[in-house]
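# Summary of structural features
Residue-level listing of the chains:
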Amino acid sequence: MKKYQQIELKESQLEDLVRIGADLIEDGLKYVDHQKITDKGRMDVLMVDSGKADNSGKAIVVAELKINEDDNMLFQGLDYYDYVSTNIEAFARIYKDFEIDPMTSIRLMLIAPSFSQTLINRCKWINANISLFMFKCIKFEGSEEIVPVFSEIIIPTPPAPIEEKYTILDRVQYIKSSEVRKILDSLIADLPNWKKDKILIEPIK
């Protein structure tokens, strides 16, 4: 196996590598534009995916790049995500050759050498299509070519909310007085004889 060393990059170099090798990040991913001016600043890179993930149309991808671990990149990326979402039809027309589907939810892609657990946890609770990709760049001995290697970090899904369901028996058990329990049991037994269209006997917390 050839010897290699890991290379430190400037952000402009990382941007060039992403532009040239977008399909190394994700199969079918294509570079569209970079340093697009918005009201929040300049977006690093715009790309478009293949649309094959869920058999929908091609989605525009807003990519935010960092050469160091930076929790703030999530907020920067969300600002650009918001701008593109608000103007998605205009973007689809400007870049019509890429067949962007304005009805397909856009994606936010964060690319950095590492991500803190704080950032990953924040992504878990954000209702946006976010992808996290770690990168490292290597150079083989005897070659000047820089080879980027990308690996996706899976964002965990939020835990499902706990639904508590109560029965009549559950509610009755809260009553400690035996005499009151007897009265309530009698009332529950009598309820079916009442006008059912006007009475709800399902327990409510």
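Preceding this paragraph is the structure being described.
In this report, the structure presented in the accompanying data block is examined. No experiment lies behind these values; they were computed from the predicted model shown. (Residues numbered from 1 in each chain as written. Predicted model: local features only at pLDDT ≥ 70, side-chain atom pairs only at ≥ 80, totals over all residues. Heavy atoms only, no water.)

If you tally the helices and strands in the chain, you get seven helices and seven strands. Mapped in sequence order, the helices and strands of the chain form the string β-α-α-β-β-β-α-α-β-α-β-β-α-α. At 28 Å, the chain has a C-alpha radius of gyration far larger than the 17 Å of a compact globule built from 205 residues. Overall, the C-alpha framework of the chain stretches about 90 × 45 × 30 Å when taken along its three principal axes. Within the span of the chain, comprising 205 residues, buried residues form 33% of the whole. Put simply, of all contacts in the chain between residues at least 6 apart along the chain, 53% involve residues at least 24 apart. As displayed, the chain offers around 13,500 Å² of accessible surface, 51% of which is attributable to carbon and sulfur atoms. Positive and negative side-chain charges of the chain, numbering 27 and 34 respectively, have mean locations separated by a distance of 5 Å. (Helix = DSSP H or I, 4+ residues; strand = E, 2+ residues; numbered from the N terminus. Rg over C-alpha atoms; globule rule 2.2 N^0.38 Å. Buried < 20%, exposed > 50% of the residue type's maximum accessible area, 1.4 Å probe, protein only. Contact = heavy atoms within 4.5 Å. Areas by Shrake-Rupley, 256 points an atom, 1.4 Å probe, with all protein chains shown as cover. Lys, Arg positive; Asp, Glu negative; His and termini not counted. Charge placed at Lys NZ, Arg CZ, Asp CG, Glu CD.)

Running from N to C, helix α3 (residues 73–86) and helix α5 (residues 117–125) cross one another at 35°; their axes reach a closest spacing of 10 Å. For the pair formed by α3 and α5, the contact residues are Met73, Leu74 and Phe75 on the first element and Leu119, Arg122 and Cys123 on the second. Residue classes in the contact of α3 with α5 are distributed as five nonpolar, no polar and one charged. (Axes fitted to C-alpha atoms, helices over the stretch in contact; angles between N-to-C directions. Nonpolar A, V, L, I, M, F, W, Y, C, P; charged D, E, K, R; others polar.)

Here we take up the pairing of strand β7 (residues 146–153). Pairing between strand β6 (residues 129–140) and β7: eight bridges, direction antiparallel. By the bridge assignment, isoleucine 138 is partnered in β7 with valine 147. Hairpin connection of β6 to β7: five residues between the antiparallel strands, including glycine 142 at a positive phi of 85°. (Pairing = 2+ DSSP bridges.)

Right, let's get into the environment of lysine 40. Along the polypeptide, lysine 40 turns up in the loop between β2 (30–38) and β3 (41–48). Judged by relative accessible area, lysine 40 falls into the partly exposed class, the value being 48%. Counting along the chain gives 40 residues from lysine 40 to tyrosine 80, while the straight-line C-alpha distance between them is 6.9 Å. Discounting residues that sit within four places of it in the chain, lysine 40 has contacts with Asp79 and Tyr80.

Within helix α1 (residues 11–20), burial applies to Leu14, Glu15, Leu17 and Val18. Down the axis of α1, the smallest arc covering the buried residues is 165°, so these residues share one side. (Arc of directions from axis to C-beta.)

Here we take up the side chain of lysine 139. Within the secondary structure, lysine 139 sits in strand β6. A distance of 3.4 Å separates the side chain of lysine 139 from the side chain of glutamate 144, its partner in a polar contact. For lysine 139, the residues in contact, after removing those within four places along its chain, are Lys3, Tyr4, Gln5, Ile7, Glu144, Glu145 and Ile146. (Polar contact = N/O pair within 3.5 Å; in protein donor to acceptor, adjacent residues only side chain to side chain.)

Turning next to unusual backbone geometry. With a phi close to 55°, glutamine 35 is a non-glycine residue in the positive phi region. Within the fold, glutamine 35 resides in strand β2. A relative accessible area of 26% places glutamine 35 in the partly exposed class. A positive phi angle is found at glutamate 99, which is not glycine, with a value near 55°.

With that settled, consider the side chain of aspartate 44. Counting through the fold element by element, aspartate 44 comes out in strand β3. There is no salt bridge for the buried aspartate 44, and the closest opposite charge comes from lysine 66, which lies 5.9 Å off by N-O distance. For aspartate 44, the side chain forms a polar contact with the main-chain nitrogen of leucine 65, separated by 2.8 Å. Excluding residues within four positions of it along the chain, aspartate 44 makes contact with Glu11, Glu15, Asp33, His34, Gln35, Ala63, Glu64 and Leu65. (Salt bridge = Lys/Arg side-chain N within 4 Å of Asp/Glu carboxyl O.)

Before going further, it helps to spend a moment on the nonpolar core. Within the largest apolar cluster, 28 residues are counted, with the highest numbers of intra-cluster contacts made by Leu46, Val84 and Leu132. Sorting the residues of this core by element identifies β3, β4 (60–65), α3, α4 (88–94), β5 (107–112), α5 and β6 as the ones contributing at least two each. Per-element accounting of this core gives the leading share, five residues, to α3. When near neighbours in sequence (up to four residues on either side) are disregarded, leucine 132 contacts Leu110, Phe115, Leu119, Ile120, Cys123, Ser151, Glu152, Ile153 and Ile155. (Core = buried A, V, L, I, M, F, W, Y, C linked by side-chain atoms within 4.5 Å.)

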